[in-house]
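Descriptive analysis of the structure
Spelled out from the first residue to the last, the chains are:
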Amino acid sequence: MKPNMQIIHPAWLRLSHWLNAVAAIVLVLSGWRIYNASPVFSFSIPNQITLGGWLGGALLWHFAAMWILFINGLAYLGINLLSGRLKTKFFPISLRELMGDIFAALKGKLAHDNLAKYNTVQKLAYLFVIVDTALLIMSGLVLWKSVQFPLLREWMGGYDNARIIHFVAMAGLVAFTVVHVVMVALVPRTLVLMIRGR
Ligand code: HEM
């Protein structure tokens, strides 16, 4: 088999990634509408860029997408952990390699010849968004069923703190997505790979 015909992203990963991307976007846009009903900070988000039309509609979108993200996220993590993919794709991470990648990126010379291997910046970005999504789900569970998840609520420092954690983790997800999409636009071959797998 020619090297460029090898499957780099298996079908389950591609399906999981795109389901996840749609769910994350729906969650963020509907979440902004829910936030506007009772803003925790002193600003609101323009309603024109939110989803749901009103609080009730936004909650319906939010819960529907939440189940997709939750089940899909568990499947993604489970398969990655059990198959050993998590260890081989995202580790080891070395400070030396990270510094090398940062300098190479600043000089515009970050290597993209082997798309099967993530560079250190990619590894850290993807690990960040995995942990950030877990935090979003855990703080979201506290906001949804605070009484039923008392331990989780205490871990989050109480209900009000969970709202702040949920917002900050959302901001992290949005920042990741913006940088991620810019990076993909800079190396469009990675997009073909995430669609076709090879
Ligand atoms: C909607 C716009 C998005 C596009 C066009 C996009 C595209 C891509 C592409 C092309 C890759 C492969 C990168 C590579 O080979 O270097 C990738 C990987 C990844 N993306 Fe996205 N993505 C999007 C949204 C998201 C969102 C919202 C999340 C997180 C919630 C996300 C999380 C990830 C993760 C974790 C990986 C690594 C997957 C793995 O190998 O296990 N992406 N994305």
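Structure's up top.
Below: a short report on this structure. (Residues numbered from 1 in each chain as written. Predicted model: local features only at pLDDT ≥ 70, side-chain atom pairs only at ≥ 80, totals over all residues. Heavy atoms only, no water.)

The next subject is the overall build of the chain. Per the secondary structure count, the chain includes eight helices and zero strands. Ordered by position from N to C terminus, the α and β elements of the chain give α-α-α-α-α-α-α-α. C-alpha atoms of the chain, sized along the principal axes, occupy 55 × 35 × 35 Å. For the chain, the accessible area works out to roughly 12400 Å², and carbon and sulfur atoms hold 73% of it. Between the averaged position of the 17 positive side-chain charges in the chain and that of its 6 negative side-chain charges there is a distance of 12 Å. (Helix = DSSP H or I, 4+ residues; strand = E, 2+ residues; numbered from the N terminus. Areas by Shrake-Rupley, 256 points an atom, 1.4 Å probe, with all protein chains shown as cover. Lys, Arg positive; Asp, Glu negative; His and termini not counted. Charge placed at Lys NZ, Arg CZ, Asp CG, Glu CD.)

Around the iron atom of the ligand, the protein contributes the donor atoms His-17 (NE2) and His-180 (NE2), at 1.9 to 2.0 Å from the metal centre. Taken together, the six donor atoms surrounding the iron atom of the ligand define angles of 81 to 179 degrees at the centre, an arrangement classified as octahedral. Taken together, the positions of His-17 in helix α1 (residues 11-37) and His-180 in helix α7 (residues 159-186) put the pair 163 residues apart, joining distant regions of the chain. (Donors = N, O, S within 2.8 Å, 3.2 Å for Na, K, Ca; no water. Tetrahedral: all angles 85-135°; square planar, octahedral: opposite > 155°, others 65-115°.)

On to the site of the ligand, then. Lining the immediate environment of the ligand, one finds 24 residues, of which His-17, Tyr-76, Tyr-118, Gln-122 and His-180 sit closest. Elements supplying a minimum of two residues to the shell around the ligand: α1, α3 (85-90), α5 (120-144), α7 and α8 (189-196). Here the shell around the ligand takes seven residues from α1, the largest share from any one element. Looking at the shell around the ligand residue by residue, the classes come out as 16 nonpolar, seven polar and one charged. (Near = heavy atom within 4 Å. Nonpolar A, V, L, I, M, F, W, Y, C, P; charged D, E, K, R; others polar.)

In this model, helix α4 (residues 95-106) (12 residues) spans 16 Å end to end at C-alpha, consistent with the 16 Å of a helix rising 1.5 Å per residue. Along α4, the positions that sit buried rather than exposed are Leu-98, Asp-101 and Ala-104. One face of α4 carries all of its buried residues, which in axial projection span an arc of 130 degrees. Turned more than 90 degrees from where α4 packs its buried face, Leu-95, Arg-96, Phe-103 and Leu-106 sit exposed. Packed against the buried residues of α4 are α5. (Expected span 1.5 Å × (residues − 1). Buried < 20%, exposed > 50% of the residue type's maximum accessible area, 1.4 Å probe, protein only. Arc of directions from axis to C-beta. Contact = heavy atoms within 4.5 Å.)

Residue Phe-91 is joined to Pro-92 through a cis peptide bond whose omega torsion reads -5 degrees. Along the chain, Pro-92 turns up in the loop between α3 and α4.

The subject of this paragraph is the packing of aromatic side chains. By the definition in use, this model includes 13 aromatic pairs. Note on Phe-63 and Trp-144: the rings are 5.7 Å apart at their centroids and 45 degrees apart in plane angle, and the pair reads as tilted. Residue Phe-63 is found in helix α2 (residues 55-83), and its partner Trp-144 is found in helix α5; the two are separated by 81 residues along the sequence. For Phe-63, a relative accessible area of 29% translates into the label partly exposed. The interplanar angle of 65 degrees and the centroid separation of 5.0 Å between the aromatic rings of Tyr-118 and Tyr-126 together place this pair among those described as edge-to-face. The two residues Tyr-118 and Tyr-126 agree in class, both being buried. (Phe/Tyr/Trp six-rings, centres within 6.5 Å; stacked < 30°, edge-to-face > 60°.)

This next bit is on the nonpolar core. One finds Phe-90, Met-170 and Leu-173 to be the most contacted residues of the largest nonpolar core, which totals 21 residues. Elements represented by at least two residues in this core include exactly α1, α3, α5 and α7. Beyond its immediate sequence surroundings of up to four residues, Leu-173 is in contact with Ala-24, Val-28, Val-129, Asp-132, Thr-133 and Leu-136. In this structure, Ala-23, Val-26, Leu-27 and Leu-69 belong to the second largest nonpolar core, which totals six residues. (Core = buried A, V, L, I, M, F, W, Y, C linked by side-chain atoms within 4.5 Å.)

This next bit is on the pattern of salt bridges. It is possible for side chains bearing opposite charge to pair when their charged atoms get close. Per the counting criterion, the structure on display carries one salt bridge. For Arg-153, the salt bridge is made with Glu-154, and the minimal N-O distance between the two is 3.4 Å. Residue classification places Arg-153 among the partly exposed positions, given a relative accessible area of 22%. (Salt bridge = Lys/Arg side-chain N within 4 Å of Asp/Glu carboxyl O.)

Glancing now at the environment of Ala-171. Mapping Ala-171 onto the fold places it in helix α7. On a C-alpha basis, the gap between Ala-171 and Asp-132 in space is 9.8 Å, while along the polypeptide they are 39 residues apart.

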